[in-house]
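An overview of the molecular structure
Single-letter residue listing:
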Amino acid sequence: MKPASTLFKIIDNLENYICRTLLALFVVILFAQILSRNLFNHSISWTEELVTYMFVWFAFFGASYAAKLAAHNRVTFQFKFMPRKLATGLEAFSDLIWVAFNGYFVYLSILFFTKANLFWKSQTLGIPMKYLYLVLPIAFSLMALRVLQVNYYKLVKGIDIRDPETEELDKIIHDSAQNDGKQFRERVHG
């Protein structure tokens, strides 16, 4: 495998790797804290704060990963009644608004980071809080990039990236509609 393709694969799955790592780490840390409390009657003071920050980072990177999978909750029922091109255009327009929001949030979070005081530190870890808030511009930049990536695949390459649960739900609705029609015909024709 070429180094460039390996690097592209890592970047393309960055949120996935970060989320898996964070999840594994905070489960191990919490398990160690539970063992420490129950077996040795001693609490490790910094674990709860660290796990809280790790969970926040996990949530933000998870939101970016969900954007990559087109798995964010959105109201799309109205698009089923529209012509396909109009629905696709309106969905792309709403994604453009989402990207603009993410861009504005990145701007605000960078302003916050530059103005944050280095002496404002976490209570038990002693880490300057401004570094813990770095997740905001990083995750929202990644989320905007992933929304643009999904739209590129959909609008330019013709690849419709759909949430697997949405595909399953569409199949259930389609099958249900076919069965209801079949039951209706059986009742009418006896």
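Cut-offs and rules
Each chain carries its own residue numbering, running from 1 in the written order of its sequence. At least 70 in pLDDT is required for a residue's local features to be given in this predicted model, at least 80 for side-chain atom pairs to be given and counted, and no such filter applies to totals for whole chains, interfaces and linings, which use all residues. Note that water and hydrogens are dropped before the side-chain values are worked out from all heavy atoms of the structure. UniProt positions are given in the numbering used here, feature names are shortened, and annotations may be inferred rather than shown by experiment. Under the scheme used here, helices are H or I runs from DSSP no shorter than 4 residues and strands are E runs no shorter than 2 residues, and both carry numbers assigned from the N terminus. In this scheme, a residue with accessible area under 20% of its type's maximum is buried, one over 50% is exposed, and one in between is partly exposed, where area comes from a 1.4 Å probe on protein chains only. Here the open area of atoms and residues is found with the Shrake-Rupley method and a 1.4 Å probe, where only the protein chains shown may cover a residue. Here the nonpolar core consists of buried residues drawn from Ala, Val, Leu, Ile, Met, Phe, Trp, Tyr and Cys, with membership extended through side-chain atoms lying within 4.5 Å. Two residues qualify as a contact provided that any one of their heavy atoms is within 4.5 Å of a heavy atom in the partner residue. Every helix has an expected span of 1.5 Å times one less than the residues it contains. The rule is short: rings of Phe, Tyr and Trp, with Trp giving its six-membered ring, pair when the centres are within 6.5 Å, and they are stacked under 30 degrees, edge-to-face over 60, tilted in between. Two thresholds decide whether a charge sits over a ring: the Lys NZ or Arg CZ must be within 6 Å of the ring centre and within 35 degrees of the ring normal. Any pair of nitrogen or oxygen atoms within 3.5 Å is treated as a polar contact; in protein, a donor-acceptor pairing is required on top of that, and neighbouring residues in sequence qualify only through side-chain atoms on both sides. The quantity called pLDDT is the predictor's confidence in a given residue, expressed from 0 to 100. What makes a salt bridge here is a side-chain nitrogen of Lys or Arg within 4 Å of a carboxyl oxygen of Asp or Glu, nothing more.

In the annotation of an unreviewed UniProt entry, the protein is listed under the name TRAP transporter small permease protein and assigned to Pseudomonas lalucatii. The protein has a UniProt comment under Function (unreviewed entry) that states "Part of the tripartite ATP-independent periplasmic (TRAP) transport system."

1. Re the overall build of the protein
Secondary structure assignment for the protein yields seven helices and zero strands. Ordered by position from N to C terminus, the α and β elements of the protein give α-α-α-α-α-α-α. In the protein, which comprises 190 residues, the proportion classed as buried is 26%. Summed over its atoms, the accessible surface of the protein is roughly 13400 Å², and 67% of this surface lies on carbon and sulfur atoms.

2. Considerations on the nonpolar core
Side chains of nonpolar character tend, in soluble globular proteins, to be buried together. Among the nonpolar cores identified, the biggest contains 14 residues, and Phe61, Val135, Phe140 and Met143 are the most heavily contacted of them. Elements supplying a minimum of two residues to this core: α3 (45–68), α4 (84–115) and α6 (135–155). The element contributing the most residues to this core is α6, with eight residues. Not counting residues within four places of it along the chain, the set of residues in contact with Val135 comprises Trp57, Phe60, Phe61 and Phe140. Formed by five residues, the second largest nonpolar core is a distinct cluster that contains Leu22, Phe26, Ile29 and Met54.

3. A look at helix α2 (residues 14–40)
Every α-helix carries 3.6 residues per turn, so stepping three or four residues along brings you back to the same face. Its 27 residues place the ends of α2 38 Å apart at the C-alpha level, agreeing with the 39 Å of an ideal helix rising 1.5 Å per residue. Three or more residues of α2 are buried, namely Glu15, Asn16, Cys19, Leu22, Phe26, Ile29, Gln33 and Ser36. Count one or two residues on from α2 and you reach Asn41, which has phi positive near 55 degrees.

4. Side note on the packing of aromatic side chains
Aromatic ring pairs are defined here through the distance separating the ring centres and the angle between the ring planes. Under the defined criterion, the tally for this structure stands at 13 aromatic pairs. Look at Phe26 and Phe55: their rings are 5.8 Å apart centre to centre, the planes differ by 75 degrees, and that puts the pair in the edge-to-face class. Residue Phe26 is found in helix α2, and its partner Phe55 is found in helix α3; the two are separated by 29 residues along the sequence. Taking 6.0 Å as the distance between ring centres and 50 degrees as the angle between the ring planes, the aromatic pair formed by Tyr152 and Tyr153 counts as tilted. A relative accessible area of 40% places Tyr152 in the partly exposed class. Under the relative-accessibility criterion, Tyr153 is labelled partly exposed at 21%. Taking the ring centre of Phe113 as reference, the NZ or CZ of Lys130 above it sits at 4.6 Å.

5. Structural notes on the side chain of Asp95
Positionally, Asp95 belongs in helix α4. You can call Asp95 buried: its relative accessible area is 4%. Polar side-chain contacts of Asp95 include one of 2.9 Å to the side chain of Asn151. In contact with Asp95, not counting residues within four places along its chain, are Arg74, Val147 and Asn151.

6. A few points about the confidence of the model for the protein
Chain-level statistics for the protein give a pLDDT mean of 86 and a share of 86% at 70 or above. When pLDDT is averaged over each element of the protein, α4 comes out on top at 94 and helix α7 (residues 164–189) at the bottom at 62.

7. Here we look at the UniProt feature "transmembrane region" (unreviewed entry) in the protein
Within the UniProt annotation, "transmembrane region" (unreviewed entry) is assigned to residues 21–40, 52–71, 92–111 and 131–148. Helix makes up 100% of residues 92–111 and strand 0%, and the two end C-alpha atoms of the span are 29 Å apart.

8. Describing unusual backbone geometry
A negative phi holds for most residues other than glycine; trans holds for most peptide bonds. At Asn41, a position not held by glycine, the phi torsion is positive, near 55 degrees. Of note in this structure, Ala70 is not a glycine but carries a positive phi near 55 degrees. Within the secondary structure, Ala70 is located in the loop between α3 and α4.

9. What to know about the pattern of salt bridges
Close approach of charged atoms allows side chains of opposite charge to pair. Applying the stated criterion across every chain yields a total of five salt bridges. Ionic pairing is found between Glu15 and Arg146, a salt bridge with its closest N-O pair at 2.8 Å. In this pair, Glu15 is assigned in helix α2 and Arg146 in helix α6, connecting sequence segments 131 residues apart. Like Glu15, the residue Arg146 is buried in the burial classification. In this structure, Arg37 and Glu48 form a salt bridge, with 2.2 Å as the shortest nitrogen-oxygen distance. Pair noted here: Arg37 is in helix α2 and Glu48 is in helix α3, with a separation of 11 residues, a long-range link. Under the relative-accessibility criterion, Glu48 is labelled partly exposed at 40%.

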